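Structural description and commentary
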Amino acid sequence: MPRRTSVALNVVERGAGTPVLALHGWTPDHRLMLGCLEPVFAGRPGYRRLYPDLPGMGASPAPPEIAGSDDVLDTVQDLVDDLLGDAPFLLVGESYGGYLARALARARPAQVLGLALVCPIGTVVENAERNLPQRQVLRPDPDLLASTDARTAAEFADMAVVQTPETLRRFRDEILAGLDLADTAAMARIRRRWTLREDPEGGAPFARPTLILTGRQDHATGYLDQFALLPHYPRATFAVLDVAGHNLQIEQPGLFDALVGEWLDRVAAER
């Protein structure tokens with residue numbers, strides 16, 4: 001199949017078996033998804049995990065032709081063509097990656113075996129128009145912040161609902177490390193055409209096992225706009241986790257592992 005773009009995405013791959021494509025959110029890199037999903041797959045052989053860096057993030061380039069979210073989606077389509085062809089696969093997306101994942105599921109409904117969304121952008125794409133809870137810190141640790149360098153502390157505190165040494169460690173390793181690599185000029189260019197031309201839920205309902213995880217204290221994407229997605233996903237488990245913000249996967253790791261594992265069980269049962 002002819003390529004849609006000239007961009008070759010950097011991809012980190014783990015394991016062998018049924019493919020699982022994991023799309024990270026806006027500005028971090030593949031480590032966001034690798035960090036939370038690899039513990040789930042540690043006891044589950046038989047899966048080939050693919051963790052790409054989206055254009056302009058991590059080690060993936062974003063030349064001028066990548067000028068909006070439709071172009072970003074095209075690079076993911078090219079990646080699927082290159083690495084998977086028409087083979088069936090599982091799809092996971094976090095935040096902005098969840099927006100792209102829904103669009104990819106619409107484009108390849110027969111190929112996507114199951115869809116998991118973690119703190120995804122919901123039915124309202126633009127930040128200023130979303131239904132969001134007030135920012136809350138339920139488990140603060142001012143001493144931890146005081147003992148951390150100012151830049152890291154500020155970035156962490158901006159999103160953290162749970163401030164502990166472990167959530168700080170994971171934030172630094174899985175999120176901040178990617179933020180430091182982002183191509184800010186490319187991010188600004190893509191951001192000007194952020195909304196996809198086609199509504200991800202504009203086609204037929206996606207009737208395969210789906211998981212939608214949201215944080216009750218997520219003041220970035222919220223949880224109300226995601227509830228409105230449910231009619232399009234008749235096989236969806238929808239969960240709103242308390243004591244969890246936009247970094248739900250590191251603030252509620254036990255529930256995250258359990259719910260993702262149950263989703264994998266549902267997908268496997270369908271096959």
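Let me begin by describing the structure that accompanies this report. (Residues numbered from 1 in each chain as written. Predicted model: local features only at pLDDT ≥ 70, side-chain atom pairs only at ≥ 80, totals over all residues. Heavy atoms only, no water.)

**Thoughts on the nonpolar core**
Generally speaking, nonpolar side chains in soluble globular proteins are found buried as a group. The condition is simple: Residues belong to one nonpolar core when they are buried, are Ala, Val, Leu, Ile, Met, Phe, Trp, Tyr or Cys, and are joined through side-chain atoms within 4.5 Å. Partly exposed describes any residue whose relative accessible area lies between the buried limit of under 20% and the exposed limit of over 50%, with all areas from a 1.4 Å probe on protein chains only and scaled to the type maximum. Every helix listed is a DSSP run of H or I at least four residues long, and every strand listed is a run of E at least two residues long, numbered separately from the N terminus. We call two residues in contact when some of their heavy atoms are within 4.5 Å.
Within the largest apolar cluster, 39 residues are counted, with the highest numbers of intra-cluster contacts made by Leu21, Leu91 and Tyr96. If you list the elements that add at least two residues to this core, you get β2 (18-23), α2 (69-83), β4 (89-94), α3 (96-107), β5 (112-118) and α7 (184-191). The residues touching Leu21, leaving out its near neighbours within four places in the chain, are Leu50, Pro52, Val76, Leu79, Val80, Phe89, Leu90, Leu91, Val92 and Leu104. Residues Met33, Leu90, Val118 and Leu213 belong to the second largest nonpolar core, which totals 38 residues.

**Focus on the layout of surface pockets**
Applied cut-off: The distinction between a cavity and a pocket rests on a 1 Å grid over the protein atoms alone: a 1.4 Å probe fits inside a cavity but cannot get out, while a pocket stays open yet meets protein on both sides within 12 Å along at least five of seven lines, and a residue with an atom within 4 Å of a point counts as lining. Grid points are joined across faces, edges and corners, and a volume is the space filled by probe spheres set on the points. Residue polarity is assigned by list, with Asp, Glu, Lys and Arg as charged and Ala, Val, Leu, Ile, Met, Phe, Trp, Tyr, Cys and Pro as nonpolar; anything else, Gly included, falls into the polar class.
Roughly 500 Å³ of volume is contained in the largest pocket. Together, 25 residues line the largest pocket, and Trp26, Thr27, Ser95, Met159 and His246 are the ones closest to its centre. Secondary-structure elements contributing two or more residues to the lining of the largest pocket are α5 (150-159) and α6 (165-179). Of the residues that constitute the lining of the largest pocket, the class distribution is twelve nonpolar, eight polar and five charged.

**With respect to the sheet that holds β2**
Note the threshold: We call two strands paired when DSSP finds no fewer than two bridges between them. Axis definition: a line fitted to C-alpha atoms, over the contacting stretch in the case of helices. Angles run 0 to 180 degrees between N-to-C directions.
Strand order in the open sheet made by the seven strands is β1-β3-β2-β4-β5-β6-β7, with mixed pairing throughout. Across the chains shown, the open sheet's two edge strands, defined by having one partner strand only, are β1 (11-14) and β7 (236-241). Neighbouring strand axes in the sheet, compared pairwise and without regard to direction, differ in orientation by 15 degrees on average. Here four bridges tie β2 to β4, and the two strands are oriented parallel to one another.

**So, the packing of aromatic side chains**
Heads up, the condition is: Working definition: a ring pair exists when centres of Phe, Tyr or Trp rings (six-membered ring for Trp) sit within 6.5 Å. Plane angles under 30 degrees give stacked, over 60 give edge-to-face, the rest tilted. Definition used: whenever NZ (Lys) or CZ (Arg) falls within 6 Å of the ring centre and also within 35 degrees of the ring normal, the charge is taken to sit over that ring.
One pass over the full model with this rule turns up eight aromatic pairs. Relative to Trp194, the ring of Tyr96 has its centre 5.5 Å away and its plane inclined at 5 degrees; by these criteria the two rings are stacked. Taken together, the positions of Tyr96 in helix α3 and Trp194 in the loop between α7 and β6 (210-215) put the pair 98 residues apart, joining distant regions of the chain. The class for Tyr96 is buried, based on a relative accessible area of 0%. Given the relative accessible area of 6%, Trp194 is considered buried. Seen in terms of ring centroids, Phe156 and Phe171 are 5.5 Å apart; in terms of plane orientation they differ by 55 degrees. Their pairing is tilted. Here Phe156, found in helix α5, pairs with Phe171, found in helix α6; they are 15 residues apart in sequence, far enough to count as distant. The class of Phe156 is buried, set by a relative accessible area of 2%. Taken together, Trp26, Tyr96, Tyr99 and Trp194 form an aromatic cluster joined through their ring pairs. If you follow Arg191 out to its NZ or CZ, it ends over the ring of Trp194, 3.7 Å from the centre.

**Some remarks on unusual backbone geometry**
The backbone phi angle of Cys119 is positive, close to 45 degrees, even though this residue is not glycine. For Cys119, the position within the fold is in the loop between β5 and α4 (142-146). Taking relative accessible area as the criterion, Cys119 reaches 0% and is therefore assigned buried. At Val243, a residue that is not glycine, the phi angle is positive and equals roughly 55 degrees. Its place among the elements puts Val243 in the loop between β7 and α9 (248-251). With relative accessibility at 12%, the residue Val243 sits in the buried group.

**Some thoughts on the packing of α2 against α3**
A pair of packed helices is captured by two measures, namely the crossing angle of their axes and the spacing between those axes. Stated formally: The labels follow the angle: roughly parallel below 35 degrees, roughly antiparallel above 145, roughly perpendicular from 65 to 115, and oblique for the rest. Crossing handedness: left-handed means the near helix sits turned counterclockwise from the far one by under a right angle, and right-handed means the same turn made clockwise.
Two elements in contact, α2 and α3, have axes whose closest approach is 10 Å; the angle formed by their N-to-C orientations is 60 degrees. With respect to α3, the element α2 is oriented oblique. By crossing handedness, the relation of α2 to α3 is classed as right-handed. On the side of α2, the interface is formed by Ser69, Val72, Leu73, Val76, Gln77 and Val80, while α3 contributes Tyr96, Leu100, Ala103, Leu104 and Ala107. When the residues that make up the contact of α2 with α3 are grouped by side-chain class, the tally is nine nonpolar, two polar and no charged.

**Describing the pairing of strand β3 (residues 47-52)**
The side chains of a regular strand alternate, residue by residue, between the two faces of the sheet. Defined as follows: When the strands point away from the viewer, a crossover counts as right-handed if the route from the first strand across the helix to the second turns clockwise.
The element β3 is extensively covered by neighbouring structure, given that six of its six residues are classed as buried. The side-chain alternation of β3 yields two buried faces, one formed by Tyr47, Arg49 and Tyr51 and the other by Arg48, Leu50 and Pro52. In the sheet, β1 pairs with β3 via four bridges, with the strands oriented antiparallel. Across the sheet, Arg14 pairs through a bridge with Arg49, a residue of β3. For the segment spanning β2, helix α1 (residues 31-41) and β3, crossover handedness is right-handed.

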